[in-house]
Amino acid sequence: MVDDRQLQTQWYRVCSRLRAEIGDSAFENWVTPIKVFGFDGSEVNLAVPSRFMRDWVLANYLDRLKELWNGENSSVQSIALSIQPSSTLTAKNGERVVDEMVGLAPSQGTANVKPVNDWHSNGRIAAPLDPKFTFDQFVVGKPNEFAYAAARRVAEALSVQFNPLFLYGGVGLGKTHLMNAIAWEIVERDPSRTIMYLSAEKFMYRFVRALREQNTVDFKDQFRSVDVLMIDDVQFIGGREATQEEFFHTFNALVDQGRQIVLSADKSPSDLEGVEDRLKSRLNCGLVADIHATTYELRLAILESKAEKMRMNAPSKVLEFLAHKITANVRELEGALNRVAAHTQLVGRELTLETCQEILHDLLRANNRRVTIEEIQKRVAEHFNIRIADMHSARRARSVARPRQVAMYLAKQLTARSLPEIGRKFGGRDHTTVMHAVKKVDELRDLDASFSEDVELLRRMLEG
Ligand code: ADP
Ligand code: MG
């Protein structure tokens, strides 16, 4: 008989092999959404979110899936694919972190197998970690280099040096990724260490359940017996006194025993709302590392790295465009890239700036706003690497005159300002100068495709 855990393990193996065969991008588009529902002794039941996906998987991957699975478990004779609307899937799957105590199974593609509660492999209590969230998949840049270094240090240290490590930063900036990476690294270095990784919400939920079932002793034992305790999103314990109290004691007990604690939150310890002062000061005792908002350079580096992993042939203009436009956080950036990748792959169309903008038009429209001449000047100056002051200056060198003309041209195109008004904003130039600039840029665009694309890129960036 095959139990849930074995089924999950088999699925994981099948996935790893299939991923190697079909590549990350196809895998993520088509295999990741598949959920395993069960096995009746000869047939495996899988579900996908839509009819379209079912047809695609049937046509392209089903035979291979069956072969691979049969190789893992010879009693598998067939695979049934059903459609499970995505609302029910996202409800369970929206949260990346599956923080039940199950073995180190990847949540990738398997997260939705009926949760296997309290699965302790070799007595180890561990959480399923996302296999993609490792240190080598984490792109380091100015905004996150400190948090990254701190995380690495904690993961590699032989003895506890910083306790707790407290990582904080805005949503989608890589906190969960770094925590997973720490866990992977620790387990890899020493598989005997027990790690418990869960969200603060789950911690709370388990605590409340233990209270209700009157087995808080078990609860305490479970938490206090681990080598490394990692709690994600601790801001959620704010305002819940009993939970905070328990957390505080657990925390102290672990620190006293020299166990490592790693926490994350969306705010610094001092800024956590509804958290008792004594707990705050405890949280501040170790190493506090924040992840700052992304910069253009980091966004571009992340896009380049992800595009390469997906073996996506994305023109650098497209990646630059995305790095300029999608600034909220890395999650959104990833989402945009995945959408573009899935779309171009499906439609089999070449990826250009235009297709990219078409695919993401709703996302981009959300950032839409009125453009001012000042913004145009700033962006254009940045793009051509000249000083903003040169937009107003009398210098006529080609290296500044051309960008200035481009800015005038864009001001004419993107704002409702009249030629004299535009002229005034460019160091009091005459309206005929603006007219000339517009004409000149138009001519150049006809002659020089790469110049034209530059201008187009700027226009799209400004326009949203
Ligand atoms: P948080 O927990 O801070 O809300 P996550 O760790 O879930 O954010 O990150 C959101 C997504 O962005 C994840 O898919 C993660 O892999 C990715 N991500 C964030 N930062 C980076 C980075 N520096 N390099 C690569 N991927 C990143
Ligand atoms: Mg998170």
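One structure accompanies this document, and this report is about it. (Residues numbered from 1 in each chain as written. Chains lettered and ligands numbered in written order. Predicted model: local features only at pLDDT ≥ 70, side-chain atom pairs only at ≥ 80, totals over all residues. Heavy atoms only, no water.)

A few points about the site of ligand 1
Here is step 1 of the chain: In the neighbourhood of ligand 1, 19 residues make up the surrounding shell, with Val139, Gly172, Thr176, His177 and Glu334 lying closest.
Here is step 2 of the chain: Residue Val139 places a main-chain N or O atom 2.8 Å away from a nitrogen atom belonging to ligand 1.
Here is step 3 of the chain: The backbone of Leu173 places a nitrogen or oxygen atom 3.3 Å from an oxygen atom of ligand 1.
Here is step 4 of the chain: In the complex, the protein chains occlude 97% of the 560 Å² of accessible area that ligand 1 would expose alone.
Here is step 5 of the chain: Broken down by secondary-structure element, the contributors of at least two residues to the shell around ligand 1 are α7 (175-189), α12 (296-309) and α14 (330-347).
Here is step 6 of the chain: Tallied by class, the residues present in the shell around ligand 1 amount to seven nonpolar, seven polar and five charged.
Here is step 7 of the chain: Lining the shell around ligand 1 are residues from two domains, each supplying at least three of them: domain 2 (135-291) and domain 3 (296-368). (Near = heavy atom within 4 Å. Polar contact = N/O pair within 3.5 Å; in protein donor to acceptor, adjacent residues only side chain to side chain. Areas by Shrake-Rupley, 256 points an atom, 1.4 Å probe, with all protein chains shown as cover. Helix = DSSP H or I, 4+ residues; strand = E, 2+ residues; numbered from the N terminus. Nonpolar A, V, L, I, M, F, W, Y, C, P; charged D, E, K, R; others polar. Domains from an automatic or database assignment.)

Quick notes on the packing of aromatic side chains
Here is step 1 of the chain: Counted under the stated rule, the structure contains 10 aromatic pairs.
Here is step 2 of the chain: Taking 4.6 Å as the distance between ring centres and 50 degrees as the angle between the ring planes, the aromatic pair formed by Phe219 and Phe223 counts as tilted. Of this pair, Phe219 and Phe223 both sit in helix α9 (residues 216-224), four residues apart, which is roughly one turn of that helix.
Here is step 3 of the chain: Taking the relative accessible area as the measure of exposure, Phe223 reaches 0% and is therefore buried. (Phe/Tyr/Trp six-rings, centres within 6.5 Å; stacked < 30°, edge-to-face > 60°. Buried < 20%, exposed > 50% of the residue type's maximum accessible area, 1.4 Å probe, protein only.)

Considerations on helix α20 (residues 431-447)
Here is step 1 of the chain: Taking 1.5 Å per residue as the helical rise, α20 with its 17 residues ought to reach 24 Å, and the 25 Å between its terminal C-alpha atoms agrees with that figure.
Here is step 2 of the chain: Turning to α20, its buried residues number three or more, namely Val434, Ala437, Val438, Val441, Leu444 and Arg445. Angular distribution of buried residues about the axis of α20 spans 135 degrees; they occupy a single face of the element. Exposed residues on α20 whose side chains face more than 90 degrees from its buried face are Lys439, Asp446 and Leu447.
Here is step 3 of the chain: Tucked inside the fold, the buried residues of α20 contact α18 (398-414), α19 (419-425) and α21 (449-463). (Expected span 1.5 Å × (residues − 1). Arc of directions from axis to C-beta. Contact = heavy atoms within 4.5 Å.)

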